[in-house]
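Summary of the model geometry
Take a look at the letters that make up each chain.
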Amino acid sequence: MAPMGIRLSPLGVAVFCLLGLGVLYHLYSGFLAGRFSLFGLGGELGGGAAGPAAVADVGTVDLREMLAVSVLAAVRGGDEVRRVRESNVLHEKSKGKTREGAEDKMTSGDVLSNRKMFYLLKTAFPSVQINTEEHVDATDKEVILWDHKIPEDILKEITTPKEVPAESVTVWIDPLDATQEYTEDLRKYVTTMVCVAVNGKPVLGVIHKPFSEYTAWAMVDGGSNVKARSSYSEKTPRIIVSRSHSGMVKQVALQTFGNQTTIIPAGGAGYKVLALLDVPDKTQEKADLYIHVTYIKKWDICAGNAILKALGGHMTTLSGEEISYTGSDGIEGGLLASIKMNHQALVRKLPDLEKTGHQ
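What counts and how
- Residues numbered from 1 in each chain as written.
- Predicted model: local features only at pLDDT ≥ 70, side-chain atom pairs only at ≥ 80, totals over all residues.
- Heavy atoms only, no water.
- UniProt positions renumbered as here; feature names shortened; annotations may be inferred.
- Helix = DSSP H or I, 4+ residues; strand = E, 2+ residues; numbered from the N terminus.
- Buried < 20%, exposed > 50% of the residue type's maximum accessible area, 1.4 Å probe, protein only.
- Contact = heavy atoms within 4.5 Å.
- Polar contact = N/O pair within 3.5 Å; in protein donor to acceptor, adjacent residues only side chain to side chain.
- Pairing = 2+ DSSP bridges.
- Axes fitted to C-alpha atoms, helices over the stretch in contact; angles between N-to-C directions.
- Right-handed = clockwise from strand over helix to strand, strands pointing away.
- Phe/Tyr/Trp six-rings, centres within 6.5 Å; stacked < 30°, edge-to-face > 60°.

If you check an unreviewed UniProt entry, the chain appears there as Golgi-resident adenosine 3',5'-bisphosphate 3'-phosphatase from Sciurus vulgaris. For the chain, the Sequence similarities (unreviewed entry) comment in UniProt is given as "Belongs to the inositol monophosphatase superfamily." A UniProt comment under Subcellular location (unreviewed entry) is attached to the chain, and it reads "Golgi apparatus, trans-Golgi network membrane".

Written out as C-alpha cells, the structure is:
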C-alpha cells in the first residue's frame, strides 16, 4: 500500500513561514538587547554592571574622592615632568605664537604628564567633562586605575563624602605650568595642576611642585593642607607678575601704591598663587598680590582660584568680576588675586590695568 502523503495548501506554507520568522526575530532581538546592555549603548564603555546601580554611579560623583584622585594625578604627572627634565631630552617644539607673540612651547614633559593625569581622572570618573591644555590622542590611551584609597590628610580635613551631580562637574588640567621656564631649566616655577568646578564655580584645587615634591590642595567649604600667611602689606605690597610683562604692571603699580612697591617677575600661574600663601618651600618667593594683565587660560588659574577661595581669598578679573569655569577656555579681563585684603578696594585702585594689558 502506498504511504500516506501530507499536502499543505499555499496559505498554510505562508503561515508556517511567518511563524518561523517571528520566532527567529524574537530570539535575535533578545540577543541584541543583551549585547547593547552589556556594552552600555548610549554612553561610554564602563566596567560596572548594568541596571539601576550603574545609573546611580554615573549620576553623582563624590568630591572627596575627586580630590584624592586629583592629588594623585598631579603627583603622577609631576613624576613624568621631573623624569623628562632630568633626562635632558625634552623634544621641545612650538604650538604656535601666544597673543603676545611669544612661542607657545610644548615638550615631552607636557605630553607624558597630560597622558597620566587625563587617563587617571577619566578612568576614575568617566562621566565628567575634562578640559586639558594638551591634545589627548585616543590611539595613545592608557588605562590607569585608582585603588580607591583616600589619603589620611584628606580624611582628617574632610570627614564625610560630598556628592554632586556628575553633569555639573568640569575638570581643568594643566599638565605642566610654566613650560617656557621648564625649557630654560628654571625648575622652581614649574607646577602640575588640577581643578574641579561645579556649575562653573571652582571648588577643588591642587597645585603640585614636581621638583620640590610639595603639594597644596583645598576644597571650598571642606578643608585644606595649606593656609594663608599671618600678615600682608596692603599699602606697599609686593606684587608678583608674569616675567613677560613685568614692566607693564610696574608702571601702573608704582603710580598706585608708591615707589616702595616691589615687583616680582615670575613664571607660572600656580607658582604665583603659592607666593600668596604660607608654603614650606625654600624656593618659593613671597608676595602680597598677584596681578595679570593679558589673556590667560582657565587651566592656568582654576586650581589657584579654588585654593584661594577655600582659604577666604579672592581671584577675579581686573574689573572685579568672578571667573566662570565653563564655556570658553580663556578670559580676556586679566586677573587680580589677593587674600586677607579688601579685594574690592584693590580693584578700585587699579582701574587702568586692563586697558594697559591690551595696548
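Text resumes after the structure shown.
Here, the residues flagged by UniProt with the feature "binding site: Mg(2+)" (unreviewed entry) are Glu-133, Asp-174, Leu-176, Asp-177 and Asp-300. On the basis of their most widely separated C-alpha atoms, the annotated residues across 168 residues gather in one place, lying no more than 9.5 Å apart. Examined against the element boundaries, Asp-174 turns out to sit in strand β6 (residues 169-177). Exposure remark for Asp-174: the relative accessible area of 0% places this residue in the buried category. Dropping the residues within four chain positions of it, Asp-174 is found in contact with Met-117, Glu-133, Thr-192, Met-193, Trp-299 and Asp-300. At 3.3 Å, the side chain of Asp-174 forms a polar contact with the backbone nitrogen of Leu-176. Residue classification places Asp-177 among the buried residues on the basis of a relative accessible area of 5%. With near-sequence residues (within four places) excluded, Asp-177 lies in contact with Tyr-189, Val-190, Thr-191, Met-193, Gly-268, Ala-269, Gly-270 and Asp-300.

This brings us to the sheet that holds strand β17 (residues 314-316). Ordered by their spatial adjacency, five strands build an open sheet running β13-β12-β15-β19-β17, and the pairing between neighbours is mixed. Because the sheet does not close on itself, it has two edges, and the strands there are β13 (262-266) and β17. Here the strands of the sheet are splayed against their neighbours by 20° on average, with no regard to which way each runs. In terms of strand pairing, β17 meets strand β19 (residues 335-338) through three bridges, oriented antiparallel.

Before going further, it helps to spend a moment on the pairing of strand β9 (residues 214-219). Counting buried positions along β9 yields six of six residues, so the element is predominantly enclosed. Side chains of β9 alternate between two faces, with Tyr-214, Ala-216 and Ala-218 and Thr-215, Trp-217 and Met-219 buried alike. Looking at chain direction, strand β8 (residues 201-209) and β9 are connected through six bridges and run antiparallel. Bridge pairing in β9 links His-208 to Thr-215. Hairpin remark: β8 followed by β9, antiparallel, with four residues in the connecting loop; positive phi at Glu-213, about 60°. Direction of pairing for β9 relative to strand β10 (residues 223-224): antiparallel, over a ladder of two bridges. Within β10, the position partnered with Ala-218 by the bridge is Ser-224. Between β9 and β10, which pair antiparallel in sequence order, lie three residues; one of them, Asp-221, sits at a positive phi of approximately 60°.

A word on the pairing of strand β12 (residues 238-242). Of all the five residues making up β12, four are buried; the element is thus mostly covered by neighbouring parts of the structure. For the crossover that starts at β12, traverses helix α7 (residues 246-257) and ends in the parallel β13, the hand is right-handed.

Below, the discussion takes up the environment of Tyr-189. Along the chain, the position of Tyr-189 falls in the loop between α6 (179-183) and β7 (191-198). A sequence separation of 78 residues divides Tyr-189 from Gly-267, and the C-alpha atoms of the two residues are 5.5 Å apart. Apart from residues no more than four positions distant in its own chain, Tyr-189 is found in contact with Asp-177, Ala-178, Glu-181, Arg-243, Pro-265, Ala-266, Gly-267, Gly-268, Tyr-271 and Glu-285.

Looking now at the packing of aromatic side chains. Taken as a whole and judged by the stated rule, the model has three aromatic pairs. For the ring pair Trp-172 and Trp-299, a centre distance of 6.2 Å and an interplane angle of 45° mean the geometry is tilted. You can see Trp-172 sitting in strand β6 and its partner Trp-299 sitting in helix α9 (residues 298-310), a full 127 residues away along the chain. Note on accessibility: Trp-172 and Trp-299 belong to one class, buried.

Before going further, it helps to spend a moment on the side chain of Thr-294. Its location among the elements puts Thr-294 in the loop between β15 (289-292) and β16 (296-297). On the accessibility criterion, Thr-294 (5% relative accessible area) is buried. There is a polar contact of 3.0 Å between the side chain of Thr-294 and the side chain of His-292.

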